Amino acid sequence: MHGGTTPRLAAATHHAATPLPEPVRVLAVVGSEGPSSLLPTTLAAASFAVTVPDDLDQAVSLARQLNPHIVLVDLSATGAAGFGLCRQLRTFSVAYIVMLGGRDDVDRRVGFSVGIDEYIDRLSSWRDVVARLQAMLSRPVATAPADRPPAQVLDDLTIDLANRTVCVGDRLVALTPTEFDLLATLVSHPCRVVGRDELLRLVWGTAWVGENHLIDVHMSNLRRKLGDDPRQAKYIQTVRGSGYRITVPPTQGPACAC
């Protein structure tokens, strides 16, 4: 890994839809040699503010200091330690975490299990990677509608749309941005089946290109964190061949106090 361009420390705009935050801060954990070493230059040419840490410890430190919008982790540069880095980042960062890896389903599954939002084949062209990042930042953001209270309650589950936090009882649940947006989208359509293609459009946006099985991976992680057994669904029910739905209508409630 090597040094990169230091971004301006502008106030963070959390994953806003168009217009994109300026500058879009990217922490690129990539190698100093090999194909991914050229990615920071490509990102900078696309007006991203890119920082490349010298090692994994510095990556954690910079993630705390710079509050990046995206953390890009190349497994070819980090090896298995990249998974540990993602797990550590997810304990404090709400950045989108994007992993560059090979066509290994095991790496993909492990990546999602430690909290990444996207997994991109490192053989993709860097232009395609840039386009995927731009599409990610253009996603709609789940917030409380003007005519709806910010907190919705399902039994002991509280979804605080204003503060983007989720609690089960008194326990704060650490969700990725994508997991939160999936849950908030389902809550906004209570008791109605929301199909996978519709979820892709509502959460990932119309610019996203990919397979809808990605939703199932994120949904599995979301359920695990909520303690929701799909065989006896308490919050989210799978409708075979169709999609997902919230099992009971949410009620209004106070914001998360956990």
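Relevant structure appears above.
Just so it is clear, the model here is predicted, and its values are computed rather than measured. (Residues numbered from 1 in each chain as written. Predicted model: local features only at pLDDT ≥ 70, side-chain atom pairs only at ≥ 80, totals over all residues. Heavy atoms only, no water.)

Draft legend 1. Structural context of the overall build of the protein chain. Helix and strand counts for the protein chain come out as nine helices and 13 strands. Counting the 258 residues in the protein chain, one finds 49% classified as buried. For the protein chain, the exposed surface amounts to about 11900 Å²; the carbon and sulfur share of it is 51%. (Helix = DSSP H or I, 4+ residues; strand = E, 2+ residues; numbered from the N terminus. Buried < 20%, exposed > 50% of the residue type's maximum accessible area, 1.4 Å probe, protein only. Areas by Shrake-Rupley, 256 points an atom, 1.4 Å probe, with all protein chains shown as cover.)

Draft legend 2. Expanded view of the sheet that holds strand E11 (residues 236–239). Here we have three strands laid out as an open sheet, ordered E10-E12-E11, and antiparallel in their pairing. Two strands bound the open sheet, and with one partner strand each, they are strand E10 (194–195) and E11. The sheet contact formed by E10 and strand E12 (residues 243–246) spans two bridges and is antiparallel. When the bridges of E12 are listed, Val194 appears paired with Tyr244. Lying over the sheet, helix H7 (residues 177–187) contacts E10, E11 and E12, oriented at roughly 65° with respect to E12. (Pairing = 2+ DSSP bridges. Contact = heavy atoms within 4.5 Å. Axes fitted to C-alpha atoms, helices over the stretch in contact; angles between N-to-C directions.)

Draft legend 3. Molecular detail of the packing of helix H2 (residues 56–66) against helix H4 (residues 81–89). Two elements in contact, H2 and H4, have axes whose closest approach is 11 Å; the angle formed by their N-to-C orientations is 20°. By the angle class used here, H2 and H4 are roughly parallel. The way H2 lies across H4 gives a crossing that is right-handed. Contact residues: Leu56, Ala59, Val60 and Ala63 in H2; Ala81, Leu85, Gln88 and Leu89 in H4. Partitioning the contact of H2 with H4 into residue classes produces seven nonpolar, one polar and no charged. (Parallel < 35°, antiparallel > 145°, perpendicular 65-115°, else oblique. Left-handed = near helix turned anticlockwise from the far one by under 90°. Nonpolar A, V, L, I, M, F, W, Y, C, P; charged D, E, K, R; others polar.)

Draft legend 4. Molecular detail of the sheet that holds strand E1 (residues 24–29). Strand order in this open sheet of five strands is E2-E1-E3-E4-E5, and the pairing throughout is parallel. Edge strands, defined here as strands with exactly one partner in the open sheet, are strand E2 (48–51) and strand E5 (118–121). Direction aside, the axes of adjacent strands within the sheet are offset by 25° on average. Note that E1 and strand E3 (residues 70–74) share four bridges and pair parallel. Looking at the pairing, Val26 lines up with Ile70 of E3.

Draft legend 5. Molecular detail of the environment of Gly115. Here Gly115 shows up in the loop between helix H5 (105–113) and E5. Residue Gly115 is classed as buried on the basis of its relative accessible area of 4%. Not counting residues within four places of it along the chain, the set of residues in contact with Gly115 comprises Arg90, Ile97 and Thr176.

Draft legend 6. Layout of the side chain of Ser36. By the element assignment, Ser36 lies in the loop between E1 and helix H1 (39–45). A distance of 2.7 Å separates the side chain of Ser36 from the side chain of Asp74, its partner in a polar contact. Ser36 has contacts with Val30, Gly31, Asp74, Ser76 and Trp126, leaving out every residue within four places of it along the chain. (Polar contact = N/O pair within 3.5 Å; in protein donor to acceptor, adjacent residues only side chain to side chain.)

Draft legend 7. Layout of the pairing of strand E7 (residues 157–160). Burial along E7 is two-sided: Leu157 and Ile159 and Thr158 and Asp160, pointing in opposite directions, are all buried. Inspection of the sheet shows strand E6 (residues 151–154) paired to E7 by four bridges, in the antiparallel sense. Bridge pairing in E7 links Ala151 to Asp160. Here E6 folds back onto E7 in antiparallel fashion, the turn holding two residues, of which Asp155 has a positive phi close to 60°.

Draft legend 8. Just helix H8 (residues 196–204), in detail. Of the residues making up H8, those classed as buried are Arg196, Leu199, Leu200, Val203 and Trp204. Buried positions in H8, seen along its axis, are confined to an arc of 105° and lie on one side of it. In this structure, the buried residues of H8 make contact with E5, helix H6 (126–137), H7, E10, helix H9 (213–226) and E12. (Arc of directions from axis to C-beta.)

Draft legend 9. Quick peek at the nonpolar core. Membership of the largest hydrophobic core comes to 49 residues, with the highest contact counts inside it found for Ile159, Val166, Leu183, Met219, Leu226 and Ile236. With six residues, the top contributor of residues to this core is H7. In this structure Leu183 touches Ile159, Val166, Leu175, Leu222, Leu226 and Ile236, once residues within four positions along its chain are discounted. Grouped together as the second largest cluster of nonpolar side chains are 21 residues, Val26, Val30, Val52 and Val130 included. (Core = buried A, V, L, I, M, F, W, Y, C linked by side-chain atoms within 4.5 Å.)

Draft legend 10. Quick peek at unusual backbone geometry. Even without glycine at this site, Asp155 takes up a positive phi of about 60°. On the secondary structure map, Asp155 appears in the loop between E6 and E7. The exposure class assigned to Asp155 is exposed, which follows from its relative accessible area of 59%. With phi around 55°, Arg164 is a residue other than glycine that occupies positive phi space. Along the chain, Arg164 turns up in the loop between E7 and strand E8 (165–168).

Spatial relationships are all this shows, so hold off on functional conclusions.
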